[in-house]
Amino acid sequence: MDTLDNIKTFLSVVRTGSFSAAGRELDIVPSVVTKRVNQLEHQLKATLFIRSTRKLELTDTGERYYPRFLSIVNEVDEAFRDVASTRSRIEDHLRIKCPTTLTVMYFGKIFTAFQKSFPGVKLDLVLMDRSVNPVEEGFDIAIGALPSSYTNVADLPLCRMPRVAVASRGYLDKYGEPTHPRDLLSHHCLSFLATGNSWFFEGSSGSININVHPDLTVNDSLVLLDAVKEDLGVAILPRHIVNPYLEAGSVQAIMKDFPVSDLWVKALVPENRQNNPAVKAAIKWLQAATQPLAPWERPEP
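Residues numbered from 1 in each chain as written. Predicted model: local features only at pLDDT ≥ 70, side-chain atom pairs only at ≥ 80, totals over all residues. Heavy atoms only, no water.

Peer 1: Would you take a moment to explain the overall build of the chain for this structure?
Peer 2: Broken down by element type, the chain carries 10 helices and 14 strands. Against the globule reference of 19 Å for 301 residues, the chain gives a C-alpha radius of gyration of 28 Å, more extended than a compact globule. Looking at the chain as a whole, 43% of its 301 residues are labelled buried. Sequence separation of at least 24 residues holds for 71% of the intrachain contacts in the chain that already meet a minimum separation of 6. In the form shown here, the chain has an accessible surface area of approximately 16400 Å², with 51% of it arising from carbon and sulfur atoms. (Helix = DSSP H or I, 4+ residues; strand = E, 2+ residues; numbered from the N terminus. Rg over C-alpha atoms; globule rule 2.2 N^0.38 Å. Buried < 20%, exposed > 50% of the residue type's maximum accessible area, 1.4 Å probe, protein only. Contact = heavy atoms within 4.5 Å. Areas by Shrake-Rupley, 256 points an atom, 1.4 Å probe, with all protein chains shown as cover.)

Peer 1: What's the story with the packing of helix α1 (residues 2-16) against helix α2 (residues 19-26) in this structure? I'm lost.
Peer 2: When two helices pack together, their arrangement is given by the angle between the helix axes and the distance between those axes. Direction vectors running N to C along α1 and α2 enclose 115 degrees, while the axes themselves pass 8 Å from each other. For the element pair α1 and α2, the recorded crossing hand is right-handed. Residue-level contacts link T9, S12, V13, R15 and T16 of α1 to F19, A21, A22, E25 and L26 of α2. Considered class by class, the residues forming the contact of α1 with α2 number 5 nonpolar, 3 polar and 2 charged. (Axes fitted to C-alpha atoms, helices over the stretch in contact; angles between N-to-C directions. Left-handed = near helix turned anticlockwise from the far one by under 90°. Nonpolar A, V, L, I, M, F, W, Y, C, P; charged D, E, K, R; others polar.)

Peer 1: Help me understand the sheet that holds strand β12 (residues 234-238) in this model?
Peer 2: Two orientations exist for strands paired in a sheet by backbone hydrogen bonds: parallel and antiparallel. The strand order β11-β8-β12-β7-β13 describes an open sheet built from 5 strands, whose pairing is mixed. Single-partner strands in this sheet number two, and they are β11 (216-218) and β13 (251-253). Averaged over all pairs of adjacent strands, the angle between strand axes in this sheet comes to 35 degrees, irrespective of strand direction. As paired elements, strand β8 (residues 189-192) and β12 share 2 bridges and run parallel to each other. Its bridge partner being in β12, C189 is matched across the sheet by V234. Of the strands in this sheet, β7 (163-168), β8, β11, β12 and β13 are in contact with helix α8 (residues 221-229), which crosses β12 at around 140 degrees. (Pairing = 2+ DSSP bridges.)

Peer 1: Any chance you could explain the state of the cysteines here in plain terms?
Peer 2: Simply put, the disulfide is a covalent bond whose two ends are the sulfur atoms of two cysteines. Counted according to the given criterion, the structure contains 0 disulfides. You can see C98 has no disulfide; the closest cysteine sulfur is in C159, sitting 10 Å from it. (Disulfide = S-S within 2.5 Å.)

Peer 1: Help me out: how do you make sense of the pattern of salt bridges in this one?
Peer 2: Oppositely charged side chains can pair when the atoms bearing their charge come close. With the rule as written, the count across this model stands at 9 salt bridges. D155 serves as the salt-bridge partner of K266, at 2.8 Å between the closest nitrogen and oxygen. Residue K266 is found in strand β14 (residues 263-270), and its partner D155 is found in strand β6 (residues 153-161); the two are separated by 111 residues along the sequence. By relative accessible area, K266 is classed as buried at 10%. Between R169 and D173 there is a salt bridge, and its shortest N-O distance comes to 3.2 Å. On the criterion of helical spacing, the pair formed by R169 and D173 is a turn pair, its members being 4 residues apart in helix α7 (residues 169-175). The partly exposed category is assigned to R169, whose relative accessible area is 31%. Through salt bridges with shared partners, one network takes in D92, D140 and R273. (Salt bridge = Lys/Arg side-chain N within 4 Å of Asp/Glu carboxyl O.)

Peer 1: How should unusual backbone geometry be read in this particular structure?
Peer 2: Residues apart from glycine generally show negative phi values, whereas peptide bonds are mostly found in trans. Look at the link from Q291 to P292: it is a cis peptide, with omega at 0 degrees. The phi dihedral of D231 is positive, around 70 degrees, even though this residue is not glycine. Counting through the fold element by element, D231 comes out in the loop between α8 and β12. With a relative accessible area of 36%, D231 lands in the partly exposed category.

Peer 1: Explain the packing of α8 against helix α9 (residues 239-248) to me, please; I cannot follow it from the model alone.
Peer 2: Closest axis-to-axis distance for the α8/α9 pair is 10 Å, and the angle between their directions is 25 degrees. Taken together, the axes of α8 and α9 lie roughly parallel to each other. Between α8 and α9 the crossing geometry is right-handed. Across the interface between the two elements, S221, L222, L225 and K229 of α8 pack against I241, V242 and Y245 of α9. Looking at the contact of α8 with α9 residue by residue, the classes come out as 5 nonpolar, 1 polar and 1 charged. (Parallel < 35°, antiparallel > 145°, perpendicular 65-115°, else oblique.)

Next up, the structure:
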């Protein structure tokens, strides 16, 4: 974009006949005009203007590049106008399912930004933590992190969600630290309803599955985190939710030799809705917001 600004500044100087006049047209100070033209000349390794106290003239290189730059800027401006026009033309009503905590923390902002850019698209955003078949339950898009798949539904991966088994420092001081998944059978466990009571870990010899008997089952990760912080037991939580408490030392990762399997956040789309313009626009927006970095991996704006 800096190069494009430099080119537009060059064209303004040619059009107005001076650096100061170009500054007034672009609403920038003359020194910025000079800096941009100098940057463009440096990139081209050529001089674009013959500068004198009496007048400003284009060099032969400047004469040669002027029509080409003019064409480039016109094409870019036309492309942006076309995108804006396309967005304003897309009109539809989408029903979207999304997990509660993910929406509150990240996807709510993603969808409000989408709707601001596509004002013709109305959204019904339904917060739900179980896996749904979007065909049977009438959703255009169903976002989730469970491995469920359905007939006639496309699975579109968005981003990885690492998880970790944790307990509070207070709980571990009182009950001891489990070192193997089988130790969980004699511990107080706290379970996330959507993933169930079968907990999977990766060992050196393969996957290990433990069926726990939870003292608490809840369908919201933030409530589960609160229970962990209150020394109630062991839980498996998304790493991005628990990271601040791991860093502070109030919560501790356990059984590091037996990591919890990652989940993948994905969008489930009925195959007969994949080519719908609004659905395609929403999926493209979601992919841009989650790839190559997941929302929780991105620095705060």
